[in-house]
Every structure is written in C-alpha cells, then in structure tokens.
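Residue strings, one per chain:
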Amino acid sequence: MTESVEPQGTAALLVDSRGRYLLHLRDANKHICDPGTWSIPGGGREAGETVAQAVARELREETGLTVPLEPFTVVGSHGTGPDGSAEDRIAVYLGAWDGDADDLPCPEGIMFRHFDASTIPFLTMCPWTKVVIDLHRARGLAPAAVPAPARPGGRARPHIVGVHLYLERNGQVLLGMRHPDSAFAPSTHHFLAGHCEQESAVACLVREAEEEAGLGIDPGDVELVHVVHVVHEPAGRPRVQLVFRARRWRGTPEVREPDRCLSWGWWPADGLPDPVVPYARAAIEGIRSGRLYTELGWA
C-alpha cells in the first residue's frame, strides 16, 4: 500500500491588518497533543478529503469562518497524542481576517485571541505553531485583510448555544460539582451541559449525557423546559442556554470526565447546594414556577 504524500494534518494561520495572529488556547486537562498551549485552528483530514478541503472544513468547524486560504508551508509535529507518541506533517494555509476574536464560537479548547509578534515569545506556544509564525515573520508576508462584516445598528454578536440536562427524581435534581481548575464556574454545582457543535441541540444533549455521565437518553424522551438568555459581563459574549428535561434515561450518573466534573449528586429542588451557577439556579426556579424564559445580565 502506498501512503499518501499529502500531510494528514492541516492548520490555518490567520493574520489581521495589524499583523496580529489569531491563536487558539488548547485544553490543559485533556490527553491531547500540546495541551495547554496556544496554537492555530486545524485538524486531521477525513477520508476522501484533500488538504485544502480539510483545512477549510476544520477552520469552519472550529471558528465558524470561511475565508480565502492559500498554501503556506508544511511543518513537522512531534508530541504526545491520545495513543502515545505522535508524529505528523501539517500543511499550513495562510489567510486574513480582521474580526473580533471574542465573536468566534469555541466548541473546542478554551478561547481565541489575537496576539502581535512581540507578545508571542511570552506565550506557552505549541512548538510547530511557533515555527510557522517565525517563518511568516521571516518572509515578511501580509495578505490583504478581509474586514469583518458590519451591520447597521451596531456590531453583530453571534451567540453561543449551550445545552443542559434537567433530570428530576423524587423531587431531586441532578447536579455536578465542577473541577476547581475549570475555566468556567470552578468548584460550583451545575447541570450536565455542553456547547452545540455541528449538531442539533437534542443530538448534543444525548451525546453529552453519554460522554459526561454514562447516561443513555432517547431523543423522543426529551422536552425543552427552559431557556436562559444570559450575558455574564458587560459587552461579554451573549449565550442562549437551552434546558431540556429527559422523562426517562438509562444508567446511573458516573464521572466520565474527571477533568471537568468531580461528582454527581441529587439535590432537593427547593434546597439547592451552594454555590450553583446562577443561570442554572434561575432555570430551576423557572421550571418549578412553570416559566419558560429568563434573561440574566442584560442592562
């Protein structure tokens, strides 16, 4: 069998008109390559994909962006992956984007940020990403900037969609204690929850229930019981939090992602533990009162 000469890995280096690089902070507590480092969006090719198709798909899935890309370089990656030692060749494509990193969805990892070249040496960088940026600087390349689209009446703010599982048993609600190192709500009780990726909200709920707690849920046993439209801080990223009740489920909650959740417990709906994520508490109160919708954090 002849191995493909095209690299299996792909990545997109996006530069704005100020010469800043769009970087992605990777999860620190997962068994992945280069955990806890700043890198650039990308991922592996799927069956039948060309390199160009793969990098465009990965960029769209990880950032929601579709921008013109051109081949830039190929680098080697050496590190530890989910199955042990990992070596790969990564095809890097170059593009430009002048938008706000806070507007990007982040279904994987922690966050996106723009950094100028002078800041790069002070970051914990993915080694091959540092090589790519150094090469770009050495070549002095700066593709034409692509302005972020503006809309009348103010800047558009794409919303993050969160999906949450409401389970009630004998008047008690299932909540998890989040890990103290969690980026969001450390050491705080919360629903079983996740962000929608390239999937429907109900499909996300079913997937997260299995991944986080080993619970089996049939989509037909799910109903929407509350929506919280929340912004956590002034000018922060708006979020639509969908809360679904499962009328039936299979299995007993168990900790499947110890880097995110320390334990699962059943708590009286009228005697919730402290602390609880504020919008989760608001959702439970809304469900008990028969109210479908709550707004939090809006002026």
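Residues numbered from 1 in each chain as written. Predicted model: local features only at pLDDT ≥ 70, side-chain atom pairs only at ≥ 80, totals over all residues. Heavy atoms only, no water.

> Quick question: what am I supposed to make of the overall build of the chain here?
Summing up its helical and strand segments, the chain has four helices and 16 strands in all. When each of the 299 residues of the chain is scored for burial, the buried share is 45%. Taking contacts inside the chain between residues at least 6 apart in sequence as the whole, the part at least 24 apart equals 69%. (Helix = DSSP H or I, 4+ residues; strand = E, 2+ residues; numbered from the N terminus. Buried < 20%, exposed > 50% of the residue type's maximum accessible area, 1.4 Å probe, protein only. Contact = heavy atoms within 4.5 Å.)

> Can you walk me through the side chain of Thr63 in this structure?
Within the secondary structure, Thr63 sits in helix α1 (residues 51–63). A polar contact is formed between the side chain of Thr63 and the backbone nitrogen of Leu65, at a distance of 3.1 Å. Here Thr63 is in contact with Pro41, Leu104, Pro105 and Phe112, once residues within four sequence places are set aside. (Polar contact = N/O pair within 3.5 Å; in protein donor to acceptor, adjacent residues only side chain to side chain.)

> So what exactly am I meant to see when it comes to the pattern of salt bridges here?
Side-chain pairing between opposite charges can occur once the charged atoms of the two side chains come close. Within this structure, the stated rule accounts for 20 salt bridges. In this structure, Arg45 engages Glu6 in a salt bridge whose closest nitrogen and oxygen atoms are separated by 3.5 Å. Of this pair, Arg45 sits in the loop between β4 (42–44) and α1 while Glu6 sits in the segment before β1 (9–15), and the two are 39 residues apart along the sequence. According to the relative accessible area criterion, Arg45 is buried, its value standing at 18%. (Salt bridge = Lys/Arg side-chain N within 4 Å of Asp/Glu carboxyl O.)

> What am I meant to see in the environment of Gly216 here?
Mapped onto the elements of the fold, Gly216 is located in the loop between α3 (201–213) and β13 (222–230). According to the relative accessible area criterion, Gly216 is buried, its value standing at 13%. Separated by 36 residues in sequence, Gly216 and Thr252 have C-alpha atoms that sit 9.3 Å apart. If we skip the residues at most four places from it in the chain, Gly216 touches Trp249 and Arg250.

> When you look at the pairing of strand β8 (residues 160–166) in this model, what are you seeing that I'm missing?
Both faces of the sheet carry side chains from a regular strand, because those side chains alternate between them. Of all the seven residues making up β8, six are buried; the element is thus mostly covered by neighbouring parts of the structure. By the bridge criterion, seven bridges tie β8 to strand β14 (residues 239–246) in an arrangement that is parallel. Bridge pairing in β14 places Gly162 opposite Gln241. The pairing of β8 with strand β12 (residues 192–195) spans four bridges and is antiparallel. Within β12, the position partnered with His164 by the bridge is Ala193. (Pairing = 2+ DSSP bridges.)

> Which parts of the structure should I look at to understand the environment of Pro105?
If you trace the backbone, Pro105 turns up in the loop between β6 (84–96) and β7 (111–115). Once residues within four sequence positions are removed from consideration, Pro105 is found in contact with Glu62, Thr63, Gly64, Phe112 and Arg237.

> It is not clear to me how the side chain of Thr129 should be interpreted in this structure. Could you clarify?
Turning to its location among the elements, Thr129 is positioned in helix α2 (residues 127–139). Given a relative accessible area of 0%, Thr129 falls into the buried group. If we skip the residues at most four places from it in the chain, Thr129 touches Leu23, Trp38, Ser39 and Ile40.

> Is there a simple way to think about a nonpolar patch on the surface in this case?
Judged by side-chain polarity, Leu224, Leu292 and Tyr293 come together as a nonpolar surface patch covering roughly 280 Å² of accessible area. With respect to the helices and strands, Tyr293 occurs in strand β16 (residues 293–296). (Patch = residues over 30% accessible without salt bridge, like charges linked within 9 Å, V, L, I, M, F, W, Y side chains within 5 Å. Areas by Shrake-Rupley, 256 points an atom, 1.4 Å probe, with all protein chains shown as cover.)

> Help me understand the state of the cysteines, please; the structure alone is not making it clear to me.
Under the defined criterion, the tally for this structure stands at zero disulfides. Cys196 takes part in no disulfide bond, and the closest cysteine sulfur to it belongs to Cys204, at a distance of 4.3 Å. (Disulfide = S-S within 2.5 Å.)

> Even after reading the chapter, I still don't get the nonpolar core, so can you show me in this structure?
Nonpolar side chains in soluble globular proteins generally cluster together in the buried interior. Within the largest apolar cluster, 21 residues are counted, with the highest numbers of intra-cluster contacts made by Leu13, Leu23, Val92 and Trp128. Contributing elements (two or more residues each) for this core: β1, β2 (21–25), β5 (70–81), β6 and α2. Trp128 has contacts with Ala11, Asp34, Ser39, Ile40, Val75, Gly76, Ser77, Ile90 and Val92, leaving out every residue within four places of it along the chain. Core analysis: the second largest hydrophobic core is formed by 20 residues, Val163, Ile217, Phe244 and Cys261 among them. (Core = buried A, V, L, I, M, F, W, Y, C linked by side-chain atoms within 4.5 Å.)

> Sorry if this is basic, but what is going on with unusual backbone geometry here?
Leaving glycine out, the prevailing phi sign among residues is negative, and the prevailing peptide bond configuration is trans. Cis geometry marks the peptide bond from Asp274 to Pro275; its omega dihedral reads 0°. Backbone geometry at Ala185 places phi at a positive 50°, although glycine is not the residue there. With respect to the helices, strands and loops of the structure, Ala185 is situated in the loop between β10 (172–178) and β11 (189–190). Exposure remark for Ala185: the relative accessible area of 16% places this residue in the buried category.

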